[in-house]
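Listed here are the chains, written in short residue letters.
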Amino acid sequence: SCGRMRICGNKKCDTPSSISPTCKLSRKKIQINQSYGWVRSVRAQKANVFLHVNDGSSLQSLQVVASSELSDPLLTFGSAVEVTGILKKSPHQKQPVELDAKNHKFIVFCFIFFFLRTFPLKSKSDMALSIFANFLISGDNGFVEINTPIITSNDCEGAGELFQVEVIKAPYGENFFSVPAYLTVSGQLHLEVVSGAFSKVYTFGPTFRAENSQSRRHLAEFYMVEAEISFTQSLEDLTKVMEDMFRFATEHVLAHCVEDVDLFHKHVTPGQKLKEYLVSFLRITYREAIDILRRSSERFAFPTDWGCDLKTEHEKYLVKHCGNIPVFVTDYPYDLKPFYARDNQDHPERTAAAVDLLVPGVGELCGGSLREERLNLLSARAGLEDVYSWYLDLRRFGSVPHGGFGLGFERYLQCILGVDNIKDVVPFPRFSHSCLL
Ligand code: 4AD
């Protein structure tokens, strides 16, 4: 039938969107079968009621003209309806067809009291999910997909933002795994294990962090694309993969979902031009970033001394300062980065070979680093021997230089759509005091 919105039985019509301006239907009168959907707007005039009905398969709604005798109190924004009628050419340029439902069956199922906070992104996000994978597994790149575990005994980031897994049912109690178990904060450590056999690996899965719920870019449950590359010895190798992956995904979105992106840019972030993000990304060091922040006349809430973590306000300022395009910040102070980051021993200030990719509207989108493969330097990190002895064994029994990164998928959506709050790009956002269903 015509497009995804089930409004006609015309098998010959191959127009991708049932109500697009080029729809062949716009030139014909066709007896439609049925249409189901939710009412997005109602406008009553003397003789007629005008409704916009959307079935969630596309962002476009179908205008339905019904008789005003249809005075159902349940017919309002959010009602679920079944309509039959004749599809007609509309007098309005913007909506080439409308459904004349006068004298036809019109059923109001119910009024929906319950609304999702989110935008209708599911199918688009499925597409974006696969474009990262498509990039990584493609011939030239040749990454192997690994499903890393969701339950783990490790805190990869060492930040203590862990959700503990507990067994409710006796007789296992707390002893099911014999050790404390947590929901994963990152698949990186497991990828590092596998990268000892496959030189390029990636994983895509849910990750969990007990983070600050007030933030506009943190969720307690989010998805991450993580890649690990063996024999890589420079941050440039890593940043090239990150940049190419971002560009590949974004070009795909622009080629296949431009209508949706435009809609967001029209109503949510007027003036945003995604194409402008496809230039060569800038590269600055953390030292340069600090110098830029300190020279600026902006009054930041958080300090900008060398050794301080870059906060969202700093990251957003840096992106703007660099021309509102993606920026890599490299070589962070050693103590700011997790235990696995490689020591830049040749630098005058003690730094780690770590990189964050900052993007417009969001700040940090990717975090990556070369991994410390030298046993003596890794074991010098306090307390590592007790908790991560298996990780040290990876070095003890032979390790090659390697590195990797993680990209937060919801933050990518936030960036390309220009959505201010990350909670608006997922249907069931998880954050503190919010896990009702
Ligand atoms: O910088 P992060 O913490 O890096 C890691 O987890 C590494 N182990 C990844 C790796 O090298 N394999 O997180 C990576 C990205 C961030 O840049 C951000 O986009 C996203 O994950 N992220 C979050 N997204 C939403 N909510 C949160 N609470 C997030 N925490 C991190």
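Cut-offs applied
Residues numbered from 1 in each chain as written. Predicted model: local features only at pLDDT ≥ 70, side-chain atom pairs only at ≥ 80, totals over all residues. Helix = DSSP H or I, 4+ residues; strand = E, 2+ residues; numbered from the N terminus. Buried ≥ 20, exposed ≤ 12 C-beta atoms within 10 Å, placed from the backbone. Contact = placed C-beta atoms within 7 Å. Near = placed C-beta within 6 Å. Nonpolar A, V, L, I, M, F, W, Y, C, P; charged D, E, K, R; others polar. Pairing = 2+ DSSP bridges. Axes fitted to C-alpha atoms, helices over the stretch in contact; angles between N-to-C directions. Core = buried A, V, L, I, M, F, W, Y, C linked by C-beta atoms within 7 Å. pLDDT = per-residue confidence, 0-100.

## Here's the deal with the overall build of the protein
- Regarding its fold elements, the protein presents ten helices and 18 strands.
- A buried classification covers 36% of the 437 residues belonging to the protein.
- Here the analysis covers contacts within the protein between residues at least 6 apart in sequence; of these, 65% occur between residues at least 24 apart.

## Some thoughts on the site of the ligand
- For the ligand, the set of nearby residues contains 22 residues, the closest of which are S186, Q188, G367, G406 and G408.
- Every element with two or more residues in the shell around the ligand is listed here: β13 (221-230), β17 (363-370), β18 (402-408) and α10 (409-417).
- Element by element, the count of residues in the shell around the ligand is highest for β17, at five residues.
- Of the residues in the shell around the ligand, the class split is seven nonpolar, eight polar and seven charged.

## Things to note about the sheet that holds β17
- Here we have eight strands laid out as an open sheet, ordered β9-β12-β13-β18-β17-β16-β15-β14, and mixed in their pairing. Each having just a single partner strand, β9 (144-145) and β14 (282-285) make up the two edges of the open sheet.
- Contacts from helix α5 (residues 286-295) reach β14 and β15 (327-330), with the element oriented near 85° to β14.

## Structural notes on the environment of R411
- Structurally, R411 is set in helix α10.
- Residues R411 and R217 lie 194 residues apart in sequence; the distance between their C-alpha atoms is 6.9 Å.
- Other than its neighbours up to four places away in sequence, R411 contacts R217, V362, L365 and I422.

## Considering the nonpolar core
- Core analysis: the biggest nonpolar cluster contains 64 residues, and M242, L365, L407 and F409 have the highest contact counts within it.
- A per-element tally of this core places helix α3 (residues 235-256) first, with eight residues.
- Non-local contacts of F409, meaning those with residues more than four positions away in its chain, are made with F222, Y223, M224 and V225.
- By size, the runner-up hydrophobic cluster in this structure holds 13 residues, among which are V39, L51, V53 and L62.

## Observations concerning the pairing of β17
- Across the eight residues that make up β17, a large majority, seven, are buried.
- Between strand β16 (residues 354-359) and β17, which follow one another and run antiparallel, lie three residues, and G361 among them has a positive phi close to 80°.
- As paired elements, β17 and β18 share five bridges and run antiparallel to each other. Counted as the bridge partner of G367 is G406 from β18.

## Some details on the pairing of strand β2 (residues 35-44)
- Relative to strand β5 (residues 79-83), β2 is paired through four bridges, and the arrangement is antiparallel. Opposite Y36, over in β5, you have E82 as the bridge partner.
- Of the strand pairs in this sheet, β2 and strand β3 (residues 48-54) are connected by six bridges, and their pairing is antiparallel. Paired with V39 across the two strands is V53, which belongs to β3.
- The turn linking β2 back onto β3 is made up of three residues.

## Brief notes about helix α6 (residues 312-321)
- Of all the residues in α6, the buried ones are H314, E315, Y317, L318 and V319.
- Lining the buried residues of α6 we find α5, β15, β16 and β17.
- Trailing α6 by a residue or two, G323 shows a phi angle of about 100°, which is positive.

## Description of α10
- Burial of α10 is extensive: nine of the nine residues sit out of reach of the surface.
- Buried within α10 are the following residues: F409, E410, R411, Y412, L413, Q414, C415, I416 and L417.
- Phi for G418, located one or two positions after α10, is positive at around 75°.

## Here's the deal with the confidence of the model for the protein
- Mean pLDDT over the protein stands at 84; residues scoring 70 or higher make up 84%.
- Between residues 113-122, whose pLDDT stays under 50, and residues either more than four places distant or in other chains, the model counts 14 contacts.
- As scored by the predictor, the complex reaches a pTM of 0.82 and an ipTM of 0.99.

## Here we look at unusual backbone geometry
- Positive phi values are uncommon outside glycine, yet N324 reaches one of about 60°.
- Residue placement: N324 occurs in the loop between α6 and β15.
- Of note in the backbone geometry, H433 takes a positive phi value of approximately 65° without being a glycine.
- Its location among the elements puts H433 in the segment after α10.
- Judged by local crowding, H433 falls into the exposed class, with 6 C-beta atoms found within 10 Å.

## Considering the environment of P401
- Summarising the element assignment, P401 is placed in the loop between α9 (389-396) and β18.
- Sequence spacing of P401 and K169 is 232 residues, and the spatial spacing of their C-alpha atoms is 44 Å.
- Once residues within four sequence positions are removed from consideration, P401 is found in contact with F231, T232, Q233, L370 and E373.

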